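Single-letter residue listing:
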Amino acid sequence: MLYRETGQFKTSYSADQAIFPIFQDRMFILGWLIVAFIAVPLMASEYWFQIILIPFLVFSLATLGLNILVGYCGQISLGTGGFMAVGAFSAYKLATNVPELNIIFVILISGLITALVGILFGLPSLRIKGFYLAVATLAAQFFLIWMFNKFGWFVNYSPSGSIAIPPMEIFGVMVTSAKADPVARYYLALGFTVVLALLAKNLVRGPTGRAWMAIRDMDIAAEIIGIKPLATKLKAFAVSSFFIGVAGALYFSAWSGTAESDAFDINLSFNILFMVIIGGLGSVVGSFMGAAFIVLLPIFLTNLFVGELGFSALTAKHLEITIFGALIIFFLAVEPHGLARMWQVTKEKLRIWPFPH
Amino acid sequence: MEMLNAVFVAPFVDMFTYPAFFVEVLLGGLTAGVMYSLVALGFVLIFKASGVFNFAQGVLALFAALTLVGLMTGTIPFSQNSMSALALPIWLAVIATGGVMVGLAYAIERVVLRPLVNQEEIIMFMSTIGLAFVLEGVGDMMWGSDVKALDVGIPSGSFEVNGVLVQVFDLWAAGIAAVMVAFLAVFFQKTKIGRALRAVADDHQAALSVGIPLKTIWVAVWSVAGLVALVAGIMWGSKSGVQFSLSLIALKALPVLILGGFTSIPGAIIGGLIIGVGEKVAEVYWGPLVNGAIENWFAYVLALLFLMFRPQGLFGEKIIERI
Amino acid sequence: MSAVENPRQISGEVLLNVEDISLSFGGVKAIRGVSFNILKGEIRAIIGPNGAGKTSMLNVINGFYHPQEGKITYKGETRSKMRSHVAAKQGIARTFQNVALFKGMSTLDNLMTGRLLKQREGILQQTVDMLLHAVYLGPAKRQEVVERKVVEEIIDFLEIEAIRKTPVGRLPYGLQKRVELGRAIAMEPELLLLDEPMAGMNLEEKGDMSRFIIDLNDQYGTTIALIEHDMGVVMDLSDRVVVLNYGEKIADGTPNEVSANQDVIDAYLGVS
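### Brief notes about the pattern of salt bridges
- A complete count under the given rule lists 31 salt bridges over all chains for this structure.
- Two residues, Glu109 of chain B and Arg114 of chain B, come together in a salt bridge whose shortest N-O distance is 2.9 Å.
- Here Glu109 of chain B falls in the buried class, since its relative accessible area comes to 3%.
- On the basis of relative accessibility, which here comes to 29%, the residue Arg114 of chain B falls in the partly exposed class.
- Note that Glu147 of chain C and Arg115 of chain C form a salt bridge whose closest N and O atoms lie 2.8 Å from each other. Residue Glu147 of chain C is located in helix α5 (residues 138-158), and its partner Arg115 of chain C is located in the loop between α3 (107-113) and α4 (123-135); the two are separated by 32 residues in the primary sequence.
- Residue classification places Glu147 of chain C among the buried residues on the basis of a relative accessible area of 9%.
- Assessed through its relative accessible area of 9%, Arg115 of chain C is described here as buried.
- Salt bridges sharing common partners tie together Asp16 of chain A together with Arg148, Glu152, Arg164 and Lys165 of chain C.

Written as structure tokens, this is what we have:
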């Protein structure tokens, strides 16, 4: 009874093509926005911001970015960590070399730079498909991290090789560095995440998204109906990398405050890939679910194993890795389309509830 | 000018001025290449027979090496303690580890592959990433995650030929790898199960329809891959200790595969050697120009460039796209 | 889609001419020196036993395969190598022997992909359009509604209103074939290539499909080349038939001429 579209008649194509055509969905999204923008800042503690909320937002954005490439366009990438590093280091260079530039533009330009790098590494996708491409993206991963590690220019020749975000303001409110209030950093991440998620949703349900999905589902047929493979794939690489770059810039500026190139190693790439899989390939809302799941799971497990059961930190870490892997296999076997599909199935059941036949 | 010289002239001058050193670099590269080949080989076996892109092959080698060390030192699983009374002699430990790998193949078929049969390739691929995590976690929990020495009695030491220092261990590694490849060739060409494997590789459905049991085949091929991983684990573990980085180094098997083609056993071998030599030579002669450590990515970039010109690899079959 | 004035008139103007086409894969010769033409407005059938090279011929026409020898002249323009998306742009659409729909998408979205080739060209325009669609305002929104209207007309035409929002992977085979035809129609092609449009269909579905093909040709003047094994359908639908056997053309003419041809009878009955 709660989730019904009965009685909601669409009288124009534009109403039927609205971003959330079902009334309850609109309310649902609105509810989440109210929670995120009003309730959370009122209630959350600093621990919550730093350990759960801000990383959740940052990783959601990165997951969304990777999902555009893998889930919508069907191009596997294992280079997410490297692209996040491009975002983070671009933000650092911009913030330190052009101090008058507003942080919003710093982050946006970092995203654009990452998009360019993404296009560059996406070029081989014209000739390379599937697993071959996955290996090719490893080249991006290892090369980029090596580059940030080996050339002092990227870290302004700091001897430790780590970068730190200077304090920056929006409308007189400090939003970056350890001096900033966690709430302000949270709003910074939230603002970017919400706006970009809406843009992504619009993109994937429009012509661009349809071209991506056509390439994903059957690239040969897509080309035969007039979709240009390279242009379409490069668009996916560009948009995906833009999102991931912005996520990397936020990781550094809104969340950690400091970073080293090793923070963006291949394990980060895998983690984000897992978020995509568990959340659901080809789903915007799934990207958020997957990120939430993978951000929360280790916290939960550590609390359980170390806090409750008294295991050593090392054992807990190994157990965590094992459970992670097992969950991936379990999810793929039970529901390869992830949490998003489970959510959709629930909605479909709700729709006909309480008379399922 | 100076830069051109540093890139295009000086390294070659170096090579010719100190040929003995150059040969040593080549030999070092070949040894690393043999290791890559061994991992890539297990990978090709699985890809050929089941179309699964097995990301866990490197971790499989790590797991085998960990198990072997654990058995040799009498480590009690999950306890971090060892009792010397439980320590097995080398030959028994190797056989027992082989048994563990076969058992593992059986478990993988049961728990990972069977529920996922007929899923898309990308899903299978990602499940092997999950498998890699499980194996890593379980291996560490069972046998401990500290760096372990592994000595199965492969002779070490070195001798000099015309001023070139040759490691005895490297010769052994090459010898063992050669024997294994020969063994695999015989296995595939002559035995009944080998023929069945090739049939499955050609066409799953058709193989099923003539009564080849897919289940058994998968267990068989994962067992063989597990044994190949064991050999790789032994070689690598003896050389540089058994530790987690082994599974990361094994990632290098992926560019090897690209070079050699996913379905070609000779490709895996030759690809491995090319990558091994290529990255060593590049590191030694060109690495210093860009602050070193280009070994980290050289193999991948080489593979990437190669792909642009020959997407099917050195020995892969040309793909005719149909619709 | 707009109905043309005075439809069903074959002007005699040649839309497509293939000349001496040879295609081989490694050592296998799929097509050997085949020539024929397709007139504007006609329904042209390509028939032949299995392995005769019919599908390969379609693949050559729409640029998916590149023949080693021969010339293809389309709308008076001779081309050598062309990628298939360029062929699509020039008005060649097709369906496939094994349905090649985008399985993860709904019927509606599949048809909408057929409209993608109407997008503006050029890097700058494409980027601007992409951004406009991302904010979903103004021209982008209007464009979506316009495209939707076109697609809805096709949905009406093919009588698939009820499955508009169903993922195509869940549809039965016959309907999938119909959706695939819809996607090709959405491209508003001048030349429509149909590869066994009725394979695996029951009598009723075949009837529907024949009706769609005739209506399409009749009302919108679309030129159609089709491969079909059902001789009844071929005889009823087509204006002219070309017969291939082992990659060679063995007959070309009206359905009646072809069915009386001794070579054709031999090829089908297996007399050597």
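### Some details on the packing of aromatic side chains
- Per the counting criterion, the structure on display carries 39 aromatic pairs over all chains.
- An angle of 85° between the planes, with centres 5.6 Å apart, marks the rings of Trp146 of chain A and Phe151 of chain A as edge-to-face.
- On the basis of relative accessible area, Phe151 of chain A is assigned to the partly exposed category, the value being 28%.
- With a centroid separation of 6.5 Å and 90° between ring planes, the pair formed by Phe270 of chain A and Phe133 of chain B is classed as edge-to-face. Linking Phe270 of chain A in helix α11 (residues 266-279) with Phe133 of chain B in helix α5 (residues 121-143), this pair reaches from one chain into another. Like Phe270 of chain A, the residue Phe133 of chain B is buried in the burial classification.
- What links up through ring pairs into an aromatic cluster is the set Phe270, Phe274 and Phe324 of chain A together with Phe43, Phe53, Phe55, Phe125 and Phe133 of chain B.

### Describing the sheet that holds strand β5 (residues 77-79) of chain C
Residues and elements named next belong to chain C.
- Judged by pairing direction, the sheet is antiparallel, and its four strands sit side by side in the order β2-β1-β4-β5 without closing on themselves. Looking along the sheet, the strands with just one partner apiece sit at the ends: β2 (28-39) and β5. Averaged over all neighbouring strand pairs, the angle between strand axes comes to 20°, with direction disregarded.
- In the sheet, strand β1 (residues 14-25) pairs with strand β4 (residues 69-74) via five bridges, with the strands oriented antiparallel. Paired with Asn17 across the bridge in β4 is Thr73.
- Against the sheet, helix α1 (residues 54-61) touches β1, β2, β4 and β5, its axis set at about 120° to β1.

### What about the pairing of strand β10 (residues 248-253) of chain C?
All names here are of chain C.
- Pairing analysis gives five bridges linking strand β9 (residues 240-245) to β10, with the strands arranged antiparallel. Within the sheet, the bridge partner assigned to Val242 lies in β10 and is Asp252.
- The turn joining β9 and β10, which pair antiparallel and follow one another in sequence, is formed by two residues; a positive phi near 45° is taken by Tyr246.

### Regarding the packing of helix α2 (residues 19-50) of chain B against helix α9 (residues 214-240) of chain B
Residues and elements named next belong to chain B.
- Look at α2 against α9: their axes get within 9 Å of each other, and the N-to-C directions meet at 170°. With respect to α9, the element α2 is oriented roughly antiparallel. Taken together, the residues of α9 that come into contact with α2 (itself represented by Thr31, Met35, Tyr36, Leu38, Val39, Leu41, Gly42, Leu45, Ile46, Ala49 and Ser50) are Trp218, Val221, Trp222, Val224, Ala225, Val228, Val231, Ala232, Met235, Trp236 and Lys239.
- Here the residues of the contact of α2 with α9 are counted per class, giving 18 nonpolar, three polar and one charged.

### Here's the deal with the domain arrangement of chain C
Residues and elements named next belong to chain C.
- Its domain assignment divides chain C into domain 1 (1-91 + 188-272) and domain 2 (104-187).
- The C-alpha centroid of domain 2 is placed 26 Å from the C-alpha centroid of domain 1.
- Taken together, the contacts link 21 residues of domain 1 with 19 residues of domain 2.
- At the boundary of domain 1 with domain 2, total buried surface from both sides reaches about 1700 Å², with 63% on carbon and sulfur atoms.
- Taken together, the connections running from domain 1 to domain 2 amount to four salt bridges.

### Examining the sheet that holds strand β7 (residues 191-195) of chain C
Residue and element names in this part refer to chain C.
- Reading across the sheet, the six strands line up as β6-β7-β8-β3-β9-β10 and stay open at both edges, with mixed pairing between neighbours. This sheet does not close on itself; its edge strands, each paired only once, are β6 (92-94) and β10. Strand-to-strand, the axes of this sheet are offset by a mean angle of 20°, without reference to chain direction.
- Looking at chain direction, β7 and strand β8 (residues 223-227) are connected through five bridges and run parallel. Considered in β8, the bridge of Leu194 is made with Leu226.

### What to know about the layout of surface pockets
- What the second largest pocket holds in volume is close to 950 Å³.
- Forming the walls of the second largest pocket are 44 residues, and the residues nearest its centre are Asn267, Asn271, Lys317 and Ile321 of chain A together with Phe133 of chain B.
- When residues in the lining of the second largest pocket are grouped by element, the largest group, seven residues, is from α11 of chain A.
- Grouping the constituent residues of the lining of the second largest pocket by class yields 31 nonpolar, eight polar and five charged.

### Concerning the interface of chain A and chain B
- With 40 residues of chain A in contact, the opposing surface of chain B contributes 50 residues.
- When the two sides are added together, the surface that chain A and chain B hide from each other amounts to roughly 4100 Å², 81% of it contributed by carbon and sulfur.
- Here chain A and chain B share two residue pairs in polar contact (both at pLDDT 80 or more) between them.
- Looking at the side of chain A that touches chain B, the elements with two or more residues in it are α6 (130-150), α9 (219-224), α11 and α13 (313-334) of chain A.
- With twelve residues, the top contributor of residues to the side of chain A that touches chain B is α13 of chain A.
- Here the side of chain A that touches chain B is composed, by residue class, of 34 nonpolar, three polar and three charged.

### Let's talk about the side chain of Gln141 of chain A
Residue and element names in this part refer to chain A.
- Along the chain, Gln141 falls in helix α6.
- Polar side-chain contacts of Gln141 include one of 2.9 Å to the backbone oxygen of Phe264.
- Leaving out residues up to four positions away in the same chain, Gln141 has contacts with Leu78, Gly79, Thr80, Gly81, Gly82, Phe264, Asp265, Ile266 and Ser269.

### Some thoughts on a positive patch on the surface
All names here are of chain B.
- Residues Lys190, Lys192, Arg195 and Arg198 make up a contiguous surface patch of positive charge.
- With three residues, the single largest contributor to the positive patch is helix α7 (residues 192-202).
- Positionally, Arg195 belongs in helix α7.
- Here Arg195 falls in the partly exposed class, since its relative accessible area comes to 45%.

### A look at helix α6 (residues 168-190) of chain B
- Its 23 residues give α6 of chain B an end-to-end C-alpha distance of 33 Å, which sits within 8% of 33 Å, the value for a rise of 1.5 Å per residue.
- For α6 of chain B, the set of buried residues is Val168, Phe169, Asp170, Ala173, Ala177, Met180, Leu184, Phe187 and Phe188 of chain B.

### Details of the environment of Glu153 of chain C
- Mapped onto the secondary structure, Glu153 of chain C falls in helix α5.
- A C-alpha to C-alpha distance of 26 Å links Glu153 of chain C and Leu132 of chain C, two positions 21 residues apart in sequence.

Cut-offs applied
- Residues numbered from 1 in each chain as written.
- Chains lettered and ligands numbered in written order.
- Predicted model: local features only at pLDDT ≥ 70, side-chain atom pairs only at ≥ 80, totals over all residues.
- Heavy atoms only, no water.
- Salt bridge = Lys/Arg side-chain N within 4 Å of Asp/Glu carboxyl O.
- Buried < 20%, exposed > 50% of the residue type's maximum accessible area, 1.4 Å probe, protein only.
- Helix = DSSP H or I, 4+ residues; strand = E, 2+ residues; numbered from the N terminus.
- Phe/Tyr/Trp six-rings, centres within 6.5 Å; stacked < 30°, edge-to-face > 60°.
- Pairing = 2+ DSSP bridges.
- Axes fitted to C-alpha atoms, helices over the stretch in contact; angles between N-to-C directions.
- Contact = heavy atoms within 4.5 Å.
- Parallel < 35°, antiparallel > 145°, perpendicular 65-115°, else oblique.
- Nonpolar A, V, L, I, M, F, W, Y, C, P; charged D, E, K, R; others polar.
- Domains from an automatic or database assignment.
- Buried area = accessible area lost by both parts, 1.4 Å probe.
- 1 Å grid on protein atoms, 1.4 Å probe; cavity = no way out; pocket = protein on both sides within 12 Å on 5 of 7 lines; lining within 4 Å.
- Points joined across faces, edges and corners; volume = space filled by probe spheres on them.
- Polar contact = N/O pair within 3.5 Å; in protein donor to acceptor, adjacent residues only side chain to side chain.
- Patch = residues over 30% accessible without salt bridge, like charges linked within 9 Å, V, L, I, M, F, W, Y side chains within 5 Å.
- Areas by Shrake-Rupley, 256 points an atom, 1.4 Å probe, with all protein chains shown as cover.
- Lys, Arg positive; Asp, Glu negative; His and termini not counted.
- Charge placed at Lys NZ, Arg CZ, Asp CG, Glu CD.
- Expected span 1.5 Å × (residues − 1).

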